[in-house]
Amino acid sequence: MEFLLAYGSDDESDGAPSPSPFCSNGGDSNRALKNEVSDMLPPPPLDLLQPPNYIDYSSLTQGSRIRNFPHVEGIYALHIYIPVHIPATTRKQMVLTMKKLSSIVPRLYAVDSDFALIELCKDDSKLEKVLLSREFHISLGRTVGIKVDQIDSIVTMLRTKLHSQRQYWIEFDKWETFANDDCTRSFLSLEVTGTGLQEITQQINAVTEVYKLHGLPEFYKDPRPHISLLWGPGDIRYNLKQAVLQIDKPRNGAGSSQGHGFKCKFSGIVCKVGKKSYDICKI
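Residues numbered from 1 in each chain as written. Predicted model: local features only at pLDDT ≥ 70, side-chain atom pairs only at ≥ 80, totals over all residues. Heavy atoms only, no water.

Peer 1: I tried to follow the side chain of Ser189 on my own but got confused; where do I start?
Peer 2: For Ser189, the position within the fold is in strand β7 (residues 185–191). One polar contact links Ser189 to Ser228, side chain to side chain, over a distance of 2.8 Å. Apart from the residues lying within four places of it in its own chain, the contact partners of Ser189 are Lys174, Trp175, Glu176, Phe178, His226, Ile227 and Ser228. (Helix = DSSP H or I, 4+ residues; strand = E, 2+ residues; numbered from the N terminus. Polar contact = N/O pair within 3.5 Å; in protein donor to acceptor, adjacent residues only side chain to side chain. Contact = heavy atoms within 4.5 Å.)

Quick look at the structure:
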């Protein structure tokens, strides 16, 4: 990499000037020498300036979201969840489904990263890395705002109630659509309806008890554990359901995951407060 040192930087001119080893008065002679060297050297190859798996995120259109609650000084967002990663073999299959979906339903975005699905679908590797290789979440409680003096108490109680968890399988076996409370966003998700549902429901109940003790809103009465992959503005649940039916029609899917579902092992529970994460239990 020594030859990269030969390429000068415009930033060098921002600091104090350094004396030239070729002439005492610097000035025009230095500038002439620099120009002469610059003319002799070709521009550096881009491959040397970008890592092998480089993705140009600036080329991806982003959507805009509205916060669930307004930002208030001293109030931090609380989110309790099970981390989930989609297996590599399943990601390959999902790429095709996502591409078909983008051609049927416009204005869909990757959950959390907010990059437009239609832009991601122009490059299969980009689609897989940005949308499908990220960490997904099974929420065990509502995302709510808490005060700083509640953090230690909530984390301690969660660890006490959930420390003895054992490993189990979770199966995501059904495509489903959801909307947030005010129906300003809709989500395409993979739901857990069988394997793992009982264990997750028990964990949700434990989190709900901690929420109650801290005066926080309870989770939904009939929880439906899931991970969300895409979101769109407004209440477009019907459009998303029809799109899934259309995609699965050749396989007589009737809304099921049709081979795009997957299994993973429960690996632990995370409590995120603001930007800080706490391990509640870890397998």
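Here the narrative resumes.
Peer 1: Would you explain the UniProt feature "active site" (unreviewed entry) in the protein chain in this entry?
Peer 2: As recorded in UniProt, the sites labelled "active site" (unreviewed entry) are His137 and His226. What stands out for the annotated residues spanning 90 residues is how close their C-alpha atoms remain, the widest pair being 7.8 Å apart. Residue classification places His137 among the partly exposed residues on the basis of a relative accessible area of 22%. Among the polar contacts listed, one links the side chain of His137 to the side chain of Glu135, at a separation of 3.3 Å. Its location among the elements puts His226 in strand β8 (residues 226–233). His226 has contacts with His137, Ile138, Ser139, Phe172, Phe178, Ser189, Leu190 and Glu191, leaving out every residue within four places of it along the chain. Here the side chain of His226 touches Arg224 through a polar contact of 2.7 Å, landing on its backbone oxygen. (UniProt positions renumbered as here; feature names shortened; annotations may be inferred. Buried < 20%, exposed > 50% of the residue type's maximum accessible area, 1.4 Å probe, protein only.)

Peer 1: I'm lost on the sheet that holds β8 in this one. Help?
Peer 2: Pairing between the strands of a sheet is mediated by backbone hydrogen bonds and can be parallel or antiparallel. Strands sit in the order β2-β8-β7-β6 across an open sheet of four strands; the sheet is antiparallel. The strands lining the two open edges of the sheet, one partner per strand, are β2 (109–110) and β6 (174–179). Here six bridges tie β6 to β7, and the two strands are oriented antiparallel to one another. Paired with Phe178 across the two strands is Phe187, which belongs to β7. Of the strands in this sheet, β6 and β7 touch helix α7 (residues 237–248), which is tilted by about 165° from β6. (Pairing = 2+ DSSP bridges. Axes fitted to C-alpha atoms, helices over the stretch in contact; angles between N-to-C directions.)

Peer 1: What is the right way to look at the nonpolar core in this model?
Peer 2: Nonpolar side chains in soluble globular proteins generally cluster together in the buried interior. Membership of the largest hydrophobic core comes to 62 residues, with the highest contact counts inside it found for Leu78, Ile170, Phe172 and Leu229. The element that contributes the greatest number of residues to this core is helix α6 (residues 197–213), accounting for six residues. Ignoring any residue separated from it by four or fewer positions in sequence, one finds Leu229 in contact with Ile86, Met94, Tyr109, Ala110, Val111, Leu131, Leu132, Phe136, Trp175, Leu188 and Leu190. Among the nonpolar cores identified, the runner-up in size contains five residues, and Val111, Ala116, Phe187 and Trp231 belong to it. (Core = buried A, V, L, I, M, F, W, Y, C linked by side-chain atoms within 4.5 Å.)

Peer 1: What am I meant to see in empty space enclosed by the protein here?
Peer 2: Here the idea is plain: a probe the size of a water molecule rolls over the atoms and shows the empty space left. One pass over the full model with this rule turns up one cavity of 30 Å³ or more. Of the volumes computed, that of the largest cavity is approximately 40 Å³. Along the walls of the largest cavity sit Thr97, Leu101, Trp175, Leu188, Val244, Ile247 and Asp248, which together make up its complete lining. Breaking the lining of the largest cavity down by element, the ones donating at least two residues are α2 (88–104) and α7. Among the residues making up the lining of the largest cavity, the classes are represented as five nonpolar, one polar and one charged. (1 Å grid on protein atoms, 1.4 Å probe; cavity = no way out; pocket = protein on both sides within 12 Å on 5 of 7 lines; lining within 4 Å. Points joined across faces, edges and corners; volume = space filled by probe spheres on them. Nonpolar A, V, L, I, M, F, W, Y, C, P; charged D, E, K, R; others polar.)

Peer 1: So what exactly am I meant to see when it comes to the pattern of salt bridges here?
Peer 2: Between side chains of opposite charge, a pair can form as their charged atoms come close. Under the criterion given, the structure shown has eleven salt bridges. For the salt bridge of Lys99 with Asp124, the shortest nitrogen-to-oxygen distance reads 2.9 Å. Separated by 25 residues along the polypeptide, Lys99 in helix α2 and Asp124 in helix α4 (residues 124–132) bring together distant segments of the chain. Note on Lys99: relative accessible area 32%, which makes it partly exposed. Across the pair Arg237 and Asp235 runs a salt bridge, and its minimum N-O distance is 2.8 Å. The exposure class assigned to Asp235 is partly exposed, which follows from its relative accessible area of 42%. (Salt bridge = Lys/Arg side-chain N within 4 Å of Asp/Glu carboxyl O.)

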